[in-house]
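This is what each chain is made of:
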Amino acid sequence: MSSNRHVVIIGNGIAGITCARQLRKLDESLRITVISGESKYFFSRTALMYVFMGHMKFEHTQPYENWFWEKNRIELKEAWVKSIDFTAKTLLFKSGENLSYDELVIATGSKPNKFGWPGEDLQGVQGLYSKQDLELMEKNTQSGVERAVIVGGGLIGIEMAEMLAYKKIPVTFLVREAGFWNNILPKEESELVSRHMREHHIDLRLKEELDEIISDPNARVKAIRTKSGEEIQCQFVGLTAGVTPNIDFLRNTELEVNRGVKVDFGFQTNIPNVYSIGDCAEFHEAPAADRKQVEQVWYTGRMHGETLGYILAGKEVTYQPGIWFNSAKFLDIEYQTYGTVPAQWDSENVKSFYWEHAGGKVAFRMLMDKQNKIIGVNNFGFRLRHEFFDQAIKEKWDGAKVISQLDKANFDPEFFAPYYIEIQKAFKDQFGGNVKVSKKSFIQKLFGASV
Amino acid sequence: MKMIQIVGIGLFLIGLAVFTVMPFLGDYTLTEEQVLANTKDIHQEKMAEILTPMYGDTYSSNFSFLSAYNENFNEYNEALKAESKWDEVIWDDYSFPLAQSSLSSSVRDNPWLFFGLSIGLAVLGGLMYNLPKYQDEPAGVKNNGIFHSSMKNRGWMGMITGAYLILFYIILYWFPAYIVNQVWMVTPLSMILSGNPASQWFLYGTIYTLAIIVMGVRMFRKYRGNKYQQLRTASVMFFQTAFAFLIPEILVLLNQPYFDFKNIWPLDYDFFYDYQIDTFLSSGGVGLFMLIWGILLIVIGVPTFTYFFGKRWYCSWVCGCGGLAETLGDPYRQLSDKSLKAWKYERVIIHSVLVLAVLMTALTIANYFSGFALLGNVTNQLHSFYGFAIGSVFAGVVGTGFYPFMGNRVWCRFGCPLAAYLGLVQRFKSRFRITTNGGQCISCGNCSTHCEMGIDVRWYAQRGQEIVRSSCVGCGVCSSVCPRGVLKLENGSTENRINEMPIIIGNDSIKINA
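Cut-offs used in this document
Residues numbered from 1 in each chain as written. Chains lettered and ligands numbered in written order. Predicted model: local features only at pLDDT ≥ 70, side-chain atom pairs only at ≥ 80, totals over all residues. Heavy atoms only, no water. UniProt positions renumbered as here; feature names shortened; annotations may be inferred. Core = buried A, V, L, I, M, F, W, Y, C linked by side-chain atoms within 4.5 Å. Buried < 20%, exposed > 50% of the residue type's maximum accessible area, 1.4 Å probe, protein only. Helix = DSSP H or I, 4+ residues; strand = E, 2+ residues; numbered from the N terminus. Contact = heavy atoms within 4.5 Å. Domains from an automatic or database assignment. Buried area = accessible area lost by both parts, 1.4 Å probe.

Named according to an unreviewed UniProt entry, chain B is 4Fe-4S binding domain-containing protein originating from Algoriphagus winogradskyi.

In the nomenclature of an unreviewed UniProt entry, chain A is known as Pyridine nucleotide-disulphide oxidoreductase of Algoriphagus winogradskyi. Under the heading Sequence similarities (unreviewed entry), UniProt records this for chain A: "Belongs to the FAD-dependent oxidoreductase family." Under the UniProt heading Cofactor (unreviewed entry), the entry covering chain A gives this text: "FAD".

Listed below in structure tokens is the structure:
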């Protein structure tokens, strides 16, 4: 490939930036431009909540210092793209400027879902995804908010609830399903999170849907009405019912789109030299049985960017994600998952082992197939080692072997309670088999470690 | 905030106010007997003569007393200096003992009362404020509002706190004659512990220890549910109280040399000074034990413990400077500079201090064993330069006074020669590292933001790399604040501990990545 081509990346989120960085590592000479209207410098979207709560300043969310981009000759263009002329290979910006490219990467991420609720565009009603959303939320909650309502039970919703709690704003949380995040979490885990939310004084309403957002005379939200007819006075409404690819400016062009920009496993769209990665890309088919066509997770964005960087540098690779993993934090409770643990499974073919600590904040689940081979784990309130489970799941370890080595999988800080011992005992009780229960170490005995 | 906490702040501020006005209390009347009792034999006659104009006069403040003292004293000295009669010049500073002995004040008459009203109220208030913290909340990360706080984000409260601390250190190191009231206040306590009257250093040690205890209690509240933080905090509280404060005083009570068994050269920079060596050698078995113990810590203790546990065994579990930084300084940890530039400065400065300390000590020892034939008094000049520039200005004024401006580990990061030594072992020959949990990092930046040593932890974590840095004191806060369980302080195999080409797990498309 010619080495003075111009690669233009629209979007400076984790996908676009990872792609730019990888490409620069592999190719010294080509020209790279990253475009973003949201912010000049890459920042970690996942950290916006911490800026709101005063844990960090916005600049702390930027993983690279400002000189990094110039040093690595990654040009940053702060602008919004209005349209793309795919034939002339030119971008048209809202400002009226143009930029031509040889290869184009569309990594424009997501935007919050809105389902056409009456009043969804009122003042004081918003989602939370971008830096601008954060600034808007700071403005919207500055004063006069006596109660907030959050609609939609996912990760952004619970983050928003935590943010509002920092401002001491009481929150009513409407969740359409019978359990919090129960399209992802099994029943017990979902209940564990729900309990913890209530411990934080969040008014969690399950099986409750938004019907209408009611305006005051100044086009500001003053209340909402639920489908069950209840009216809740509130001055802020958070819409957090998931996100959708941010590609409106690409609809009705020659680019093939559906929910997202349609791509193959080389991130190639239907137009040559145009690629799409991250939240806004939609694979023709799911990359694996337990994966989705649109992958909207930080880690998948990073992997897309990493892989496309290699592809653009001329390496013969296709997207092959490994063992699934993910993590989140629900208020004070950390959650990790490795492998496949769906919300529901067919108990004929799948065996489930679940352990929960008496305090109700620490839990572990392992799913196994008929032959007792590990399929995946969920862990709450304690930490497990990614490398360990990546290997165990890839190599299809026997469940008893996994549990016997759980002390090695433990990733909690030193001196923490050895939950793995209790888990080993519980597994042995339920499944028998050849399970080795770890002994407490000398240090653990010395400091009276107990679960 | 709860009522009890508001009262606590009130009591703390009253205590602080009483402490602050104390230097302005009482009056000073100097007599010849006091001069004779507080000056060296060779100076007695001269000093008694120089200060004659002051006898019998009552000075209503330390300012007027010390200005009269300086006037008389300097008049004498300047005249000699002008005539270049250097051997007749009196180099000793007698202002502190003379101010102390000539003082008559309510503090001197009622030391325990004032102790209670100042330090006592401040401690009580501090505990009343700290103990109820987070009472009705589940355990978890408690960093809410740090960057919205005037105290913790270089606002006016932080500025005032920093200025107060800097002023306190300047007076303590160079103008102790102004705080003789506070020294009288802690004298009865000193008499109980060591059987000797207090010095300004005893006053400092008392406040220092109490600050670690009160703010250690704050740490227990803040890190509720985090065993590592709790044990580490309990450890620094113990080592400060027992090893740095009580044991040396009790040793003196037992007619043994004053010695802090956990202070290690070159942080303890005067360990090999001639007068120290003389003290060790003239104090029988105990003195000899101290000398050998100190040397063993340097040559065996530091490398061995650091090999197995990293420098944290000292810096965030034992050390007094570390103890203060981790307790009193904890609210300011996020203010450290994380830039690459700061890291470059850090490496140059801290290793320069180490080289300086080693050179100075080597010269001192060589000079000592050559019977001062080698360099004569030159080492003394070197000692006073090091003591002033490094021991006082860097470690004290900047080290602690700058907490609210540059974070709580300025000294430990940029200046401490022992930290540099421990760091070299940690970087090149140790089992310690911070492990990154595969591909779980989301680059949020909590770890870097709250790293007191200014390490950009995220830089490593987001590329799946273990963190091996000479400066890491192993406080474990990066691991505590990580929302995704990515970081763990570990001692493990040295194989592949430093890997410049890490692989982020989870993407099978490519195998090598960095």
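### Details of the nonpolar core
All names here are of chain A. Residues Phe-173, Phe-330, Phe-364 and Phe-389 are the most contacted members of the largest nonpolar core, which totals 112 residues. Among the elements that make up this core, the one with the highest residue count is helix α7 (residues 298-312) (seven residues). Ignoring anything within four residues of it in the chain, the contact list for Phe-330 reads Leu-155, Ile-158, Phe-180, Trp-181, Leu-185, Val-193, His-196, Tyr-335 and Phe-380.

### Things to note about unusual backbone geometry
The omega torsion across B:Trp265 and B:Pro266 is 5 degrees, close enough to zero to call that bond cis. Mapping B:Pro266 onto the fold places it in the loop between α11 (227-253) and α12 (274-281). The residue A:Lys89 is not glycine, and still its phi comes out positive at about 55 degrees. Of note, A:Asn273 is a non-glycine position whose phi angle comes to about 65 degrees, a positive value. One can find A:Asn273 in the loop between β18 (261-263) and β19 (274-276).

### A short note on the domain arrangement of chain A
Residues and elements named next belong to chain A. Structurally, chain A comprises domain 1 (6-111 + 244-312), domain 2 (125-241) and domain 3 (325-447). Taking only C-alpha atoms, the centre of domain 1 and the centre of domain 3 are 36 Å apart. With five residues of domain 1 in contact, the opposing surface of domain 3 contributes four residues. Overall, the association of domain 1 and domain 3 removes approximately 420 Å² of surface from exposure, summing both partners, and the carbon and sulfur fraction of that is 56%. When residues of domain 1 are sorted by the area they lose upon contact with domain 3, Asp-290, Val-297 and Tyr-299 head the list and together hold 76% of the total.

### What to know about the UniProt feature "transmembrane region" (unreviewed entry) in chain B
Residues and elements named next belong to chain B. Here, UniProt's "transmembrane region" (unreviewed entry) annotation points to residues 7-26, 112-131, 156-179, 199-217, 238-259, 279-302, 348-373 and 385-405. For residues 7-26, the end-to-end C-alpha separation is 30 Å, with 75% helix and 0% strand making up the annotated structure. The span residues 112-131 is 95% helical and 0% strand by assignment, and the distance between its end C-alpha atoms comes to 25 Å.

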